[in-house]
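# Tertiary structure, described
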Amino acid sequence: QVQLVESGGGLVQAGGSLRLACAASGRPFSSYAMAWFRQAPGKEREFVGGISWINVWYADSVKGRFTISRDSAKNTVYLQMNSLKPEDTAVYYCAAGRKHGARAPGEYDYWGQGTQVTVSS
């Protein structure tokens, strides 16, 4: 089992920045691919970006604005979000899985509880 806890969400104005963190516990952190998803009201859960032991990959909608990193010593993954837009408003979820490059929610085995990000115009 892997437990994931997100933090860092909040309210920010358009153009601002936020950094989300996902703390992992349980099985060895380094053996998992980690990802961020988001879900806005009335919409499906959407892939944001992922990071593994090989690479980092992003959704086109956030490429160049969001950056994912991981600190293996702290078992933590970060999502740095810059140039935020109102359409980035959503609950952001951290996920862990075994497949490098995965983009579908069903390809991830463990999920956090989510953290709300609200971007005002």
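Residues numbered from 1 in each chain as written. Predicted model: local features only at pLDDT ≥ 70, side-chain atom pairs only at ≥ 80, totals over all residues. Heavy atoms only, no water.

Enumeration according to the criterion identifies one disulfide in this entry. Here cysteine 22 connects covalently by a disulfide to cysteine 94, the sulfurs 2.0 Å from one another. One disulfide, between cysteine 22 and cysteine 94, carries an S-S torsion of -75 degrees and so falls in the left-handed class. Highlighted residues: cysteine 22 in strand β3 (residues 18-26) and cysteine 94 in strand β9 (residues 90-97), separated in sequence by 72 residues. Accessibility assignment for this pair places cysteine 22 and cysteine 94 in one class, buried. (Disulfide = S-S within 2.5 Å. Helix = DSSP H or I, 4+ residues; strand = E, 2+ residues; numbered from the N terminus. Buried < 20%, exposed > 50% of the residue type's maximum accessible area, 1.4 Å probe, protein only.)

This paragraph deals with the sheet that holds strand β7 (residues 66-71). Strand order in the open sheet formed by four strands is β1-β3-β8-β7, with antiparallel pairing between adjacent strands. Every other strand in the sheet has two partners, leaving β1 (2-7) and β7 as the edge strands with one partner each. On average, each strand axis in the sheet is tilted by 15 degrees relative to the strand beside it, whichever way the strands run. (Pairing = 2+ DSSP bridges. Axes fitted to C-alpha atoms, helices over the stretch in contact; angles between N-to-C directions.)

The buried fraction of strand β8 (residues 76-81) amounts to five of the six residues, a majority that puts the element mostly inside the structure. Strand direction decides the pairing type here: β3 and β8, joined by six bridges, are antiparallel. Following the sheet pairing, leucine 18 is matched in β8 by methionine 81. Sheet topology note: the β7/β8 ladder contains six bridges and is antiparallel. Bridge pairing in β8 places phenylalanine 66 opposite methionine 81. Linkage of β7 to β8, two consecutive antiparallel strands, is achieved through a turn of four residues, within which asparagine 75 is found at a positive phi near 50 degrees.

Turning our attention to the nonpolar core. Membership of the largest hydrophobic core comes to 38 residues, with the highest contact counts inside it found for Leu4, Met34, Trp36, Leu79, Met81 and Tyr92. Excluding its chain neighbours within four sequence positions, the residues that come into contact with methionine 81 are Gly16, Ser17, Leu18, Leu20, Arg65, Phe66, Tyr92 and Val117. (Core = buried A, V, L, I, M, F, W, Y, C linked by side-chain atoms within 4.5 Å. Contact = heavy atoms within 4.5 Å.)

In this section: the packing of aromatic side chains. Here the distance between the centres and the angle between the planes together describe a pair of aromatic rings. One pass over the full model with this rule turns up five aromatic pairs. Ring centres of phenylalanine 37 and tyrosine 108 lie 5.4 Å apart, and the angle between their planes is 75 degrees; on these two criteria the pair is classed as edge-to-face. Taken together, the residues phenylalanine 37 in strand β4 (residues 33-39) and tyrosine 108 in the loop between β9 and β10 (110-111) connect sequence positions 71 residues apart. Ring centres 6.5 Å apart and planes at 75 degrees place the aromatic pair tyrosine 93 and tryptophan 111 in the edge-to-face group. Taken as a pair, tyrosine 93 in strand β9 and tryptophan 111 in strand β10 lie far apart in primary sequence, 18 residues in all. Judged by relative accessible area, tyrosine 93 falls into the buried class, the value being 14%. (Phe/Tyr/Trp six-rings, centres within 6.5 Å; stacked < 30°, edge-to-face > 60°.)

A separate point is unusual backbone geometry. In this model, asparagine 75 sits at a positive phi of 50 degrees, which is unusual for a non-glycine residue. Look at asparagine 75 and you get partly exposed, because its relative accessible area is 27%. Not every positive phi belongs to a glycine, and serine 83 is a case in point at roughly 50 degrees. Locating serine 83 in the fold gives a position in the loop between β8 and β9.

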